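Each chain, letter by letter, is given below.
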Amino acid sequence: LSIPEVFQYSSNIGTAAVADRVGVEGHQEFLTRLGLLTKMDTEMPGVATPTQPRTWKKINSVTISFGHGVATTPLQTAVAAAALMNGGYLIPPTFLPRSAEEAQKIARRVIKEKTSADMRYLYDWNGVKGSGRSAQVEGYRVGGKTGTADKVINGRYAKDKNFNAFVAAFPMDKPRYIILTIIDAPVSGEHGGRTAASTAAPMIKQILSRVA
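Residues numbered from 1 in each chain as written. Predicted model: local features only at pLDDT ≥ 70, side-chain atom pairs only at ≥ 80, totals over all residues. Heavy atoms only, no water.

Chemist: What is the right way to look at the overall build of the chain in this model?
Modeler: Helix and strand content of the chain: eight helices and five strands. Taken from N to C terminus, the helices and strands of the chain fall in the order α-α-α-α-α-β-α-β-α-β-β-β-α. Expected size for 212 residues packed as a compact globule is a radius of gyration near 17 Å; at 17 Å, the chain falls within 12% of this value. By residue count, 40% of the 212 residues in the chain fall in the buried class. Nonlocal contacts in the chain, meaning residues at least 24 apart in sequence, comprise 54% of its contacts between residues at least 6 apart. Roughly 12,400 Å² of accessible area belongs to the chain as shown, and the carbon and sulfur atoms make up 56% of that amount. Distance from the positive charge centre (26 side chains) to the negative charge centre (17 side chains) of the chain: 3 Å. (Helix = DSSP H or I, 4+ residues; strand = E, 2+ residues; numbered from the N terminus. Rg over C-alpha atoms; globule rule 2.2 N^0.38 Å. Buried < 20%, exposed > 50% of the residue type's maximum accessible area, 1.4 Å probe, protein only. Contact = heavy atoms within 4.5 Å. Areas by Shrake-Rupley, 256 points an atom, 1.4 Å probe, with all protein chains shown as cover. Lys, Arg positive; Asp, Glu negative; His and termini not counted. Charge placed at Lys NZ, Arg CZ, Asp CG, Glu CD.)

Chemist: Help me understand the pattern of salt bridges, please; the structure alone is not making it clear to me.
Modeler: Side-chain pairs of opposite charge can arise whenever the charged atoms involved come near each other. Under the counting rule described, the total for this entry stands at seven salt bridges. A salt bridge links Lys 114 to Asp 118; the shortest N-O distance between them is 3.0 Å. Taken as a pair, Lys 114 and Asp 118 lie in helix H7 (residues 113-129) at a separation of four residues, close to a single helical turn. Judged by relative accessible area, which is 36%, Asp 118 ranks as partly exposed. (Salt bridge = Lys/Arg side-chain N within 4 Å of Asp/Glu carboxyl O.)

Set out below in structure tokens:
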């Protein structure tokens, strides 16, 4: 598979191969740079500290590449996605009014502009051809990525329950917004499926149809 196809088909083998090429240290450093492995400071209390392996080994890096082995907060996920879309700047979130100029002063570059453009291409590709098709709202050109994981129950992954998410950006020609949906242990979604494409992605469509 090509990289866009790995993204489109959510290939665990493909992401594992990418993680192997990046290396354990590079993988951990990248997720740390995106703010996904450290506690996030906001004006509101109660933000949880992400979890990760005490010691990263190759097997940890491989499973983390497709979403098993770390846990982060929804807000951190959305902020990291914004950095992937906005040209490569990680901007601390706020619940208070803030101008674009004020945001830019505290922004920190975490990926190159070209890498951000590549990520916008992948989000758009998946929105048109992959798991994001059920998130589309006519006129808004939605892109994004699904996450279908086994639900953790008593410290173990359950085989019959999912924990699904979809992170969307729009409009994909010049993204301005991020929406993240999460659905815990869905029973059935569109076309009877319980993956994120059938559950979390249609939630994006419903939300976007009402608020955009």
